[in-house]
Each structure stands twice: as structure tokens, then as C-alpha cells.
Amino acid sequence: MLEEKILNEDIKIFRYGNIYRIYGKTFDVREELKQLGAKWNNDNKKLEMSEEDFSKLSDTIKNKVMELEKKQKNLSLENIKSIILTGQIRVYLNEDNMYRVYGRTKEIYKDLQNIGFELLDNNYAMRKEDFDRIFSNEVKEFINDYETNKTNEKAEIENEESEEEIYEQEIY
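Reading the values: rules and limits
- Residues numbered from 1 in each chain as written.
- Predicted model: local features only at pLDDT ≥ 70, side-chain atom pairs only at ≥ 80, totals over all residues.
- Heavy atoms only, no water.
- Helix = DSSP H or I, 4+ residues; strand = E, 2+ residues; numbered from the N terminus.
- Buried < 20%, exposed > 50% of the residue type's maximum accessible area, 1.4 Å probe, protein only.
- Contact = heavy atoms within 4.5 Å.
- Areas by Shrake-Rupley, 256 points an atom, 1.4 Å probe, with all protein chains shown as cover.
- Pairing = 2+ DSSP bridges.
- Axes fitted to C-alpha atoms, helices over the stretch in contact; angles between N-to-C directions.

**Q** How do you make sense of the overall build of the chain when you look at a structure like this?
**A** Scanning the chain from N- to C-terminus turns up seven helices and eight strands. Each of the 172 residues in the chain was classed as buried or not, and the buried ones make up 32%. Long-range pairs, those at least 24 residues apart, make up 49% of the contacts in the chain with a sequence separation of at least 6. Taken as a whole, the chain presents about 12,000 Å² of accessible surface, with 45% of it coming from carbon and sulfur.

What follows is the structure, encoded as C-alpha cells:
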């Protein structure tokens, strides 16, 4: 019955670090889940299963879990791509060769994590190699364009300031 519920997506299993979390209509199959090693985690109020117990599940279940994970990653990627391209968040490449996300990420943190961003120093970040592999050229060009524009704006401001200094020196 558990396998049927998982295949019908009444129950979903997602990897979270080195454990698997189980969501959905689990009440009817709670004994079967318990026999397979699923345990209730009181600290975070989630039904969880170890990697070792997960590996003992049927190939059919594991394949369904991987299929859902891939589907969720694609949805998350499309969402983050859209948010970047509409300017709702900004992504900059820093001197450590890490892309860092700036802006309101509270609502999208799961999507960021699903595609590989990690929370570092209060900002989500991803190594350049991973970012380049995951995101399309369209996104990378968009980010490069606003980084270039920011550099140009900074140069214009510095140029205006030096022109003002020259003008002030000519007046006095």
C-alpha cells in the first residue's frame, strides 16, 4: 500500500541533507513506514528516514523519489531564473568566485536550496562552476549586464566628482 501511495504521489519523500523527510497521507501506512525505519523527529516535527533505511526501499520507490526530486529542481530553477530576470533579486560574482544572492530571499529559500545555493554569511551563495553549469547563458548575460552597468555607473560618478573638483579649483 505504501508503494502505491508513493507512486500516486499521495506520499512524497524528499532528501534533506543526509536524511529523507516523508510528507503526505501517511496515517494509513504508518506501521509499514515504521517497519521500514521511518521515525518521527520531535525536534522539527517531521517524519524522517535515514539514508541507510532509504537504500533498502524498492527500486520503484527510489526511482519515484528521484523523479520527483528532479521535477522539483527544475521547477525551482525556473522560478529562480524568472526572479533573477525580473530583478526581484540580484546575483553578483564576488572576489571568492562565488555568486551571492542579494534581496528578499525569505520566500524563495527552498528553491534556492533545491538548486544548490547555500546560506553563507547571511546570503545564499553558489560556486561559479556550479552556477555556470546550472544556469542558462541568458541568466549569466543578464547578471553580467547589470554588473557592467554598475561598474560604468561607478566610473561615471567618479568622473563627475573629479570634474567638480577641477571646476572648484578653477573658480578659486
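Having seen the structure, we can now continue with the description.
**Q** How should I be thinking about the sheet that holds strand β3 (residues 39-41) in this particular structure?
**A** Across the sheet, which stays open at both edges, the four strands sit in the order β1-β2-β4-β3 with antiparallel pairing between neighbours. The sheet is open, and its two borders are formed by β1 (11-16) and β3, each paired with just one other strand. Shown here is a sheet whose adjacent strand axes are inclined to one another by a mean of 40 degrees, direction ignored. The pairing of β3 with strand β4 (residues 46-50) spans three bridges and is antiparallel. Note on β4: the bridge partner recorded for K39 is E48. Helix α4 (residues 59-85) contacts β1 and β2 (19-24) of the sheet and is inclined by roughly 70 degrees relative to β1.

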